[in-house]
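# Structural overview
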Amino acid sequence: MPPLSPRKGWLLAMLIALSLAAPALALADPVEVEVNGVTDDALKNVEQALILPYGLVREGKVDRLWLDRFAKQAGEKVRLALEPFGYYHSQVSTDIRETGKEEYRLRVDVVPGPAVRITAVTVAVTGAGKDQREIEELVRTFPLHPGDILLQTLYEREKSALKARAVGLGYLDADFTRHEIRIAPGEVTATITLVLETGERYRFGEATIEGGTEFPEPYLRRFIAFQRGELFSFAKIGETQLNFSNSERFKEVLITPEKEKGKNHEVPVLVKLVSAPRRSIRPGIGYGTDTGGRFSVHYRDLNLFHRGQDFDSTLYAAQNLQGFAARYTIPSARDIKGSKAFLLNLQQEDVTSYVSQLAALEFDYNHSLGKGELATPYIRLQEERYTIAGVTSGSRLVLPGFRFTRERFDNLIRPTTGYRYALDLRGAHPYFGSDSALVQFIADGNAVLPLPWRLSLHVKSRVGLSMLADPLADFPPSIRFFAGGDQSVRGYSYQSLGPKNAQGEVVGGRDLVTGTVELERALFEKWGVSLFHDAGNAFNDFTNVRLAQGAGIGLHYYTPVGGLNLSLAKRLGTSRDVYYIHFTVGFQL
């Protein structure tokens, strides 16, 4: 997008801020409930107990008889609301006063009395799981001790957690043989006794699959995260559910452990599947600052040849980028995240720094190394015609390479913590059919760090290094490095940064360094605002690096298909004020 004038840039920033600061209006309630004598969480619980029943106020008018009856019941409601916080001897008085026409104040005065304190705590585990480390840890760290105030909510939470941990570890018959809190009438002391009997530990039985008959049986069993005879675990059930759901091939997945049908402490598992439509065609229209207005048609077949193979293709046309991309994926017979893939890419790109026509074919062999880790040896064949700084040329490259990625995010739509990094090493040589020789290394990384007050810190970087056997002018734009744009240095247009020729035209560089630091504050459920600083550039010599910089504010709206991100960026370190608007969709990995 063309740069904005300073006045227009700050006007847009003010409009964004004003839209977020619009106040919400609320109508006054004709009955005000005032509670005195308690604070903090106890007060919140009492206020929740004293919410007026539906119908007491109709069309702004108060049913006075109902209000009087509610006031008489308030004492018991308050006493019950205070018991979870250790107050079993509270005294409550109520008073109703008319504050205006059809307006009342219900005053509730509370004297909590002395809190009940614990004098003895017994937490024990019997049965086969009594020596289980995870269970022993919960017993050891039970948070209520002699001398503490008796908090029923904390007791119930820890009691439930103890049983849930045992069941989650496969002790499906786990239950309490004793669970009691003893409070003597009129006393302010209590004793706690908890005894958990775990029973025997269960193992997985046979897994039966119903539905999904259009897929081969071995293909479906790839998604099952357990084997018969393994120790039963609900975590493995959840992982299996996630495997089927993430495959995008099933619109319903129901996994049921059938304990009642098992024998010898084995639990058979029933997997019921309802397949999603095999083929889909989705048109798309949108706008991106780097590409301009765009239109696309996406076609996908999720069960090619009835073997679970995936054909995914997109035809796209944008102001600066047009082309066709297709991917044919053959899943591994054993590794759920492993596959072989053939990729075809035909594209034409016309940006500030160059014009390029590219045809590329790539073969990938993806192998999972563990949770979130993927190793990919690949070979890429590409033919490229291009024009840079008025010089037109062509290139043919055969690029074998190796790519490693690792990622851990708590949520891919709106992550609050996690990281991802990717390392890519590739090369070319005339011996394998290339026009020239090169070795190139590219590293990408980003991380999200949670901070107090609903803040999060986003850090992103990209580094590229090249060793070239021939002058840079002999290599196409896809091998050279450029900076600037939505995912690089905001405040500059796409691919507009890099070394220049004698005429001042950007021609790209051998190496690249870019980085981003962005502080985001969550607003409401789906919004966020941020401050960011970007820096980076492409260059040919590490001893002469000039980092271009941009900073600004961002507005983010998160949807089920990804985030909508609007940024207003100002160039730093230039003789005049230049502003750019950048727009992207999705959390960028």
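What comes next is a walk through the structure. Residue numbers restart at each chain and count upward from 1, following the sequence in its written direction. Residue-level local features of this predicted model are given only where pLDDT is at least 70; pairs of side-chain atoms are given and counted only at 80 or more, and the full residue set underlies all totals for whole chains, interfaces and linings. Side-chain figures throughout are based on the complete set of non-hydrogen atoms in the structure, without hydrogens or water.

Our focus in this paragraph is the sheet that holds strand β5 (residues 103-111). Picture the strands of a sheet paired through backbone hydrogen bonds; they go either parallel or antiparallel. At least two DSSP bridges between two strands are needed for those strands to be called paired. Secondary structure follows DSSP: runs of H or I at least 4 residues long count as helices, runs of E at least 2 residues long count as strands, and numbering of each begins at the N terminus. Strand order in this open sheet of 3 strands is β1-β5-β4, and the pairing throughout is mixed. Looking at which strands have only one partner, the edges of the open sheet turn out to be β1 (31-36) and β4 (91-100). In this sheet, neighbouring strand axes are inclined to one another by 15 degrees on average, regardless of whether the strands run parallel or antiparallel. When β4 meets β5, the two strands line up antiparallel, connected through 9 bridges. Bridging across to β5, Gly100 finds its partner in Glu103. Along the sheet face, helix α3 (residues 64-82) touches β1, β4 and β5 and points at about 145 degrees away from the line of β4. An axis is simply a line fitted to the C-alpha atoms; with a helix, the fit covers only the stretch in contact. Between two such axes, the angle follows the N-to-C directions and lies from 0 to 180 degrees. Residues count as neighbours in contact if any of their non-hydrogen atoms are within 4.5 Å of one another.

Let us look at the pairing of strand β11 (residues 266-275). Most of β11 sits out of view: 7 of its 10 residues are buried. In this structure, strand β10 (residues 250-257) lies alongside β11, joined through 7 bridges in antiparallel fashion. Opposite Leu254, over in β11, you have Lys272 as the bridge partner. For every residue, the accessible area (1.4 Å probe, protein chains only) is compared with the maximum for its type, and the residue is labelled buried under 20%, exposed over 50%, or partly exposed between those bounds.

A cluster of nonpolar side chains, contributed by Leu423, Leu425, Val439, Phe441, Leu465, Met467, Phe542, Val545 and Leu547, occupies part of the molecular surface with about 760 Å² of accessible area. For Leu547, the position within the fold is in the loop between β24 (527-539) and β25 (548-559). In this scheme, patches are assembled from residues that exceed 30% relative accessible area and form no salt bridge. Like charges are connected within 9 Å, while nonpolar side chains (Val, Leu, Ile, Met, Phe, Trp, Tyr) are connected within 5 Å. Shrake-Rupley sampling with a 1.4 Å probe provides the accessible areas, and residues are treated as covered by the protein chains on show and by no other component. Each reported salt bridge corresponds to a side-chain nitrogen of Lys or Arg within 4 Å of a carboxyl oxygen of Asp or Glu.

Once that is clear, we can look at the pattern of salt bridges. In the structure shown here, the tally under the stated rule is 31 salt bridges. A salt bridge links Arg64 to Asp68; the nearest nitrogen and oxygen atoms lie 3.0 Å apart. Here Asp68 and Arg64 lie together in helix α3, a separation of 4 residues that amounts to about one turn. Judged by relative accessible area, which is 33%, Arg64 ranks as partly exposed.

Bringing the packing of aromatic side chains into the picture now. Pairing of aromatic side chains requires ring centres within 6.5 Å, counting the rings of Phe and Tyr and the six-membered ring of Trp. Pairs whose planes differ by under 30 degrees are stacked, by over 60 edge-to-face, and all others tilted. Enumeration over the complete set of coordinates arrives at 17 aromatic pairs. Taking the centre distance of 5.0 Å and the plane angle of 45 degrees together, the rings of Phe342 and Phe363 count as tilted. Of this pair, Phe342 sits in strand β16 (residues 339-350) while Phe363 sits in strand β17 (residues 354-370), and the two are 21 residues apart along the sequence. Of the aromatic side chains, those joined through ring pairs into one cluster are Phe215, Tyr219, Phe223, Phe244 and Phe250. Sitting over the ring of Tyr378, Arg403 keeps its end group 4.3 Å from the ring centre. Positioned over the ring face of Phe532 is Arg490, at 3.7 Å from the centre of the ring. Ring-over charges, as used throughout, are those where CZ of Arg or NZ of Lys falls within 6 Å of the ring centre and within 35 degrees of the ring normal.

Quick look at unusual backbone geometry now. Located in the positive-phi region is Asn264, a residue other than glycine, with phi close to 55 degrees. Within the fold, Asn264 resides in the loop between β10 and β11.

Here Val46 lies in helix α2 (residues 40-49). Accessibility expressed as a relative area gives 1% for Val46, which makes it buried. Separated by 144 residues in the primary sequence, Val46 and Ala190 have C-alpha atoms spaced 23 Å apart. Not counting the four nearest positions on each side in its chain, Val46 is found in contact with Val35, Val38, Val78, Ala81 and Leu82.

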